[in-house]
Amino acid sequence: MRAILRLRSIQGRYTTAAMALLLVVLVVVGVSCDLVIRYRIEDDVFKNAERVASQWSAAVRTNTAPAMLSASGEVDLVQLVDARGTVVQASRHATGRAPLSTVRPPSNDRFQRLHDNGLLLMAIRVSPAPDAPVIYAGSAEPRLLGGHYLELFLAVAALVLLGLAGWLTWWVVGRTLRPVAAIRARMAEITGSDVSLRVPVPAGEDEFALLARTANQSLERLQEAVEQQRQFASTTSHELRTPIAGLRMQLEEALLYPDEVDAADSLRGALSATGRLEAIVNDLLLLARLRVAEPAARELIDLGKLVTEEAMQVSQSAGVAVYVHAASGVWVSGSQIRLIRVVGNLLSNARRHAAASVEVSVEAVDGRAVLAVVDDGAGVAPADRERVFERFTRLADGRRRDAGGSGLGLAISRDIAEAHRGSLRIEDSPRGARFVLRLPLLHAQSGVEGPASIDGYGSTPTDHADRTHPPPAGASDAEPPGTTGPKTTNTSYLHLPETHGLVGAWSGWDGTDPRLSWNPTD
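So, how was this worked out
- Residues numbered from 1 in each chain as written.
- Predicted model: local features only at pLDDT ≥ 70, side-chain atom pairs only at ≥ 80, totals over all residues.
- Heavy atoms only, no water.
- Helix = DSSP H or I, 4+ residues; strand = E, 2+ residues; numbered from the N terminus.
- Contact = heavy atoms within 4.5 Å.
- Areas by Shrake-Rupley, 256 points an atom, 1.4 Å probe, with all protein chains shown as cover.
- Core = buried A, V, L, I, M, F, W, Y, C linked by side-chain atoms within 4.5 Å.
- Buried < 20%, exposed > 50% of the residue type's maximum accessible area, 1.4 Å probe, protein only.
- Pairing = 2+ DSSP bridges.
- Axes fitted to C-alpha atoms, helices over the stretch in contact; angles between N-to-C directions.
- Phe/Tyr/Trp six-rings, centres within 6.5 Å; stacked < 30°, edge-to-face > 60°.
- Lys NZ or Arg CZ within 6 Å of the ring centre and 35° of its normal.

Q: So what's going on with the overall build of the protein? Residues and values would help.
A: Within the protein, the regular secondary structure consists of 11 helices and 17 strands. Restricting the contact set of the protein to residue pairs at least 6 apart, pairs at least 24 apart contribute 58%. Accessible area of the protein: about 29000 Å², with a carbon and sulfur share of 57%.

Q: I'd like a rundown of the nonpolar core, residues and numbers included.
A: In terms of nonpolar packing, the biggest core is built from 43 residues, with Leu303, Leu346, Val358, Val360, Leu371 and Val373 touching the most fellow members. With six residues, the top contributor of residues to this core is helix H9 (residues 336-353). Discounting residues that sit within four places of it in the chain, Leu303 has contacts with Val330, Val332, Val362, Ala369 and Leu371. Counting residues in hydrophobic clusters, the runner-up holds 14 residues, among them Val52, Trp56, Val75 and Ile124.

Q: I'd like to hear about the sheet that holds strand E9 (residues 357-365), residue by residue, with values.
A: Pairing within the open sheet is mixed, and its five strands lie in the order E7-E9-E10-E12-E11. One side of each edge strand has no neighbouring strand; the edge strands of this open sheet are strand E7 (321-326) and strand E11 (423-427). Going from strand to strand, the sheet's axes swing by 15° on average, the running direction of each strand aside. In terms of strand pairing, E7 meets E9 through six bridges, oriented parallel. The residue bridging Val322 from the neighbouring strand is Val358, located in E9. Lying over the sheet, H9 contacts E9, strand E10 (368-375), E11 and strand E12 (434-440), oriented at roughly 25° with respect to E10. Its contacts with the sheet place helix H11 (residues 409-419) against E11 and E12, and it is angled at close to 130° to E11.

Q: An account of the packing of aromatic side chains is needed here, citing residue identities and associated values.
A: Two measures describe an aromatic ring pair: the distance that separates the ring centres and the angle between the ring planes. Scanning the entire structure with this criterion turns up one aromatic pair. Ring centres of Phe389 and Phe435 lie 6.2 Å apart, and the angle between their planes is 75°; on these two criteria the pair is classed as edge-to-face. Note that Phe389 is positioned in the loop between E10 and helix H10 (396-401) and Phe435 in strand E12, a separation of 46 residues in sequence. On the basis of relative accessible area, Phe389 is assigned to the buried category, the value being 6%. A cation over a ring is seen here: Arg414 above Phe389, with NZ or CZ 3.9 Å from the ring centre.

Q: Could you give an account of unusual backbone geometry, naming the residues involved and the relevant values?
A: Residue Asp366 is not a glycine yet carries a positive backbone phi of 55°. For Asp366, the position within the fold is in the loop between E9 and E10. Residue class for Asp366 comes out exposed when judged on its relative accessible area of 78%. Of note, Arg421 is a non-glycine position whose phi angle comes to about 60°, a positive value. With respect to the helices and strands, Arg421 occurs in the loop between H11 and E11.

Q: Account for the side chain of Ser413, with residues named and values stated.
A: Tracing the backbone shows Ser413 in helix H11. Ignoring sequence-local partners within four residues, the contact set of Ser413 consists of Val342, Asn345 and Leu424.

Q: Can you explain the pairing of E9? Please cite residues and give values.
A: Pairing geometry for E9 and E10, over eight bridges, is antiparallel. Residue pairing in the sheet places Ser361 in a bridge with Ala372 of E10. The hairpin formed by E9 and E10 contains two residues between the paired strands, and Asp366 there has a positive phi angle of roughly 55°.

Function-wise, these values are silent; they only describe arrangement.
Right, here's the structure in full:
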């Protein structure tokens, strides 16, 4: 078996194994056939001999036996031998021969089958008397048995069958593996620089056809990955070349013209270029981790509270007003750190492009948690709505407003959204750009994602809100710019004049209920 397994060719291994198994079967069948055929032939001869010997035994007992014993059919040897071993009477073919056998059946077993000197004999003791003669009747062993022709015939037949089975197995396995050879030959032609080739797909729905289709699908994904890698490498090298070239130019200028260049200005410029390089490298590392790292540990997250807290951070450093409408009890499951990164990227992007204000809303719609970030800027043209999510893509307006960005924030945000089985896209808006993040809504009672009917997760979800802080002093109700009509009863918009940003939004707050969806930082 080890020798079989060491054969390199599957075709050879299968053929050898099939022939070995068939050889065992043929040996067992051949031996069985030999024994059965030999037994049947000998049994027929013995039965005929017993019939003839019985007739002459009866004739001897009644003293009616003729001088010449007659034979019958194939039983041509008949002798009557007395107790002294002398042939008393014999058939024509047995006359003049020595006793056919020297074996005398005992008195208690008068009938015996003998295979003696190439003869098949039936010996019958005429009577139980001690001096009773014995009748021997039989014939020579058939040539098929005596010359081992039966064994030779069976051996030749087994070898022919074995050879035929081996050739047939070799041909069938070779034909079966022919698609594998074609796939292997085509795979050998595919190189790292050219993955556009596809393996041939055999007809049918067998395992080889499924293998070929799966291989082609893998090659398609590999081609997409290679093309993305090439484009990414090209774009990355271009994006990194600019700050590196600027940094090198400033340092060389400071070294070549120390008297004409302000050292402090050179250091500040170098520090700015270094910061841009650091931002690009950090974003690249984050993208790499999102692509290949294991999924982050999932946790229960109140999306409304998270968004409100991030809006607080942005509003304190923003030059525009940030308004939040965050419904309570919008629970999702995921990585809080990564979702904070998404919310921060969207708020920073909106703040960068907004003219005066940014509106943020969180609500549950059709079993999904929906976060919408809308600015009142120039917006994004429909042709650019997908392009802005590509790596290092920065529109002209974005470069004008912030030349230090890496161009990776939105690409990272979409990767994080898709890792959470959600989506991030730009949707139509009456003004500015409207970025919409959709995530599976978590059923707080069962802990599974699906349509929400949230009324508890241990305690009531609203109990997770901060109940210890009243509305901040100096806060006043204010509608976001551009809104018309009566204010909804479920949301209060609060504006901090000193920071020009949002403080928070309360679900059902009427001035007496202190349940807040945010935590003050001061």
